[in-house]
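Reading the structure
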Amino acid sequence: MKQRMTYLGCSAVLAALTFNALACSHNPKAARQDQMAIEDYPQITALEHLDRVLVISDVVEDKGPPLKVTVALRDERDDKERRIQYRFFFFDERGVPENNNPDWRYKELPRRAAVYVDGNALDKNAVDWRLELRPAR
């Protein structure tokens, strides 16, 4: 019985030490400062290697209000038809997005043909925009 009590006591101490070590290792860390200035961030971003196959040929901004943007893009490769998703972010004069997580929209890109994607702000105070492109999921 004494041996069992010793075993339980050691187990409790070991559990407490493990919990303490785990708790200490999960202290919050400060985020690092981004070295890229927000002004240098690309207005049109091609994610997941789409930058290797897509080219932008024209951008038309209609200041509105509300702000409307049309972007012509083309798949340079002739290997297959590509399916992409895109979303526009619109920002007010302070750089605050009107929607932090806009919906992705679907588009099929025929081989080597230009297609157009467009978006418009829902708020008449939008003055800037950004476009993200990614392979369709």
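Our structure is the block above this text.
Residues numbered from 1 in each chain as written. Predicted model: local features only at pLDDT ≥ 70, side-chain atom pairs only at ≥ 80, totals over all residues. Heavy atoms only, no water.

1. Let's talk about the pattern of salt bridges
Counted under the stated rule, the structure contains seven salt bridges. The partner of Arg-87 in a salt bridge is Glu-132, and the shortest N-O contact between them spans 3.0 Å. Taken as a pair, Arg-87 in strand E4 (residues 82–91) and Glu-132 in strand E7 (residues 128–135) lie far apart in primary sequence, 45 residues in all. Per residue, the accessibility class of Arg-87 equals that of Glu-132, and both read buried. Each of Asp-75, Asp-79 and Arg-82 takes part in salt bridges that share partners, so that together they form one network. (Salt bridge = Lys/Arg side-chain N within 4 Å of Asp/Glu carboxyl O. Helix = DSSP H or I, 4+ residues; strand = E, 2+ residues; numbered from the N terminus. Buried < 20%, exposed > 50% of the residue type's maximum accessible area, 1.4 Å probe, protein only.)

2. Quick notes on the side chain of Glu-132
Under the relative-accessibility criterion, Glu-132 is labelled buried at 15%. Among the polar contacts listed, one links the side chain of Glu-132 to the side chain of Arg-87, at a separation of 3.0 Å. (Polar contact = N/O pair within 3.5 Å; in protein donor to acceptor, adjacent residues only side chain to side chain.)

3. What about the packing of aromatic side chains?
Following the criterion strictly, the structure yields four aromatic pairs and no others. Ring centres 6.0 Å apart and planes at 20° place the aromatic pair Phe-88 and Phe-90 in the stacked group. On the basis of relative accessibility, which here comes to 4%, the residue Phe-90 falls in the buried class. Ring centres of Phe-88 and Trp-129 lie 6.1 Å apart, and the angle between their planes is 55°; on these two criteria the pair is classed as tilted. Residue Phe-88 is found in strand E4, and its partner Trp-129 is found in strand E7; the two are separated by 41 residues along the sequence. (Phe/Tyr/Trp six-rings, centres within 6.5 Å; stacked < 30°, edge-to-face > 60°.)

4. Focus on the pairing of E4
Counting buried positions along E4 yields nine of ten residues, so the element is predominantly enclosed. The sheet contact formed by E4 and E7 spans eight bridges and is antiparallel. Paired with Phe-88 across the bridge in E7 is Leu-131. (Pairing = 2+ DSSP bridges.)

5. Digging into the nonpolar core
Residues Leu-73, Phe-88, Phe-90, Trp-129, Leu-131 and Leu-133 are the most contacted members of the largest nonpolar core, which totals 19 residues. Put simply, the parts of the chain that give this core at least two residues each are strand E3 (68–75), E4, strand E6 (114–120) and E7. With four residues, E4 is the single largest residue contributor to this core. (Core = buried A, V, L, I, M, F, W, Y, C linked by side-chain atoms within 4.5 Å.)

6. Some remarks on the sheet that holds E6
Spatially, the three strands line up as an open sheet ordered E2-E3-E6, and their pairing is antiparallel. Edge positions in the sheet fall to strand E2 (54–62) and E6, since each of these pairs with one other strand and no more. In this sheet, neighbouring strand axes are inclined to one another by 20° on average, regardless of whether the strands run parallel or antiparallel. Here E3 pairs with E6 via seven bridges, running antiparallel. Bridged to Arg-74 within E6 is Ala-114. (Axes fitted to C-alpha atoms, helices over the stretch in contact; angles between N-to-C directions.)

7. Quick word on the pairing of E3
In terms of strand pairing, E2 meets E3 through eight bridges, oriented antiparallel. Paired with Glu-61 across the bridge in E3 is Val-69. Adjacent in sequence and paired antiparallel, E2 and E3 are bridged by five residues, among which Gly-64 carries a positive phi angle near 70°.

8. Some words on the sheet that holds strand E5 (residues 105–109)
On the basis of which strands lie adjacent, the open sheet formed by four strands has the order E1-E7-E4-E5 and mixed pairing. On the outer flanks of this sheet lie strand E1 (44–46) and E5, each paired with one strand and no other. The mean angle between the axes of side-by-side strands here comes to 25°, regardless of whether they run parallel or antiparallel.

Read these as geometric descriptors, not functional statements.
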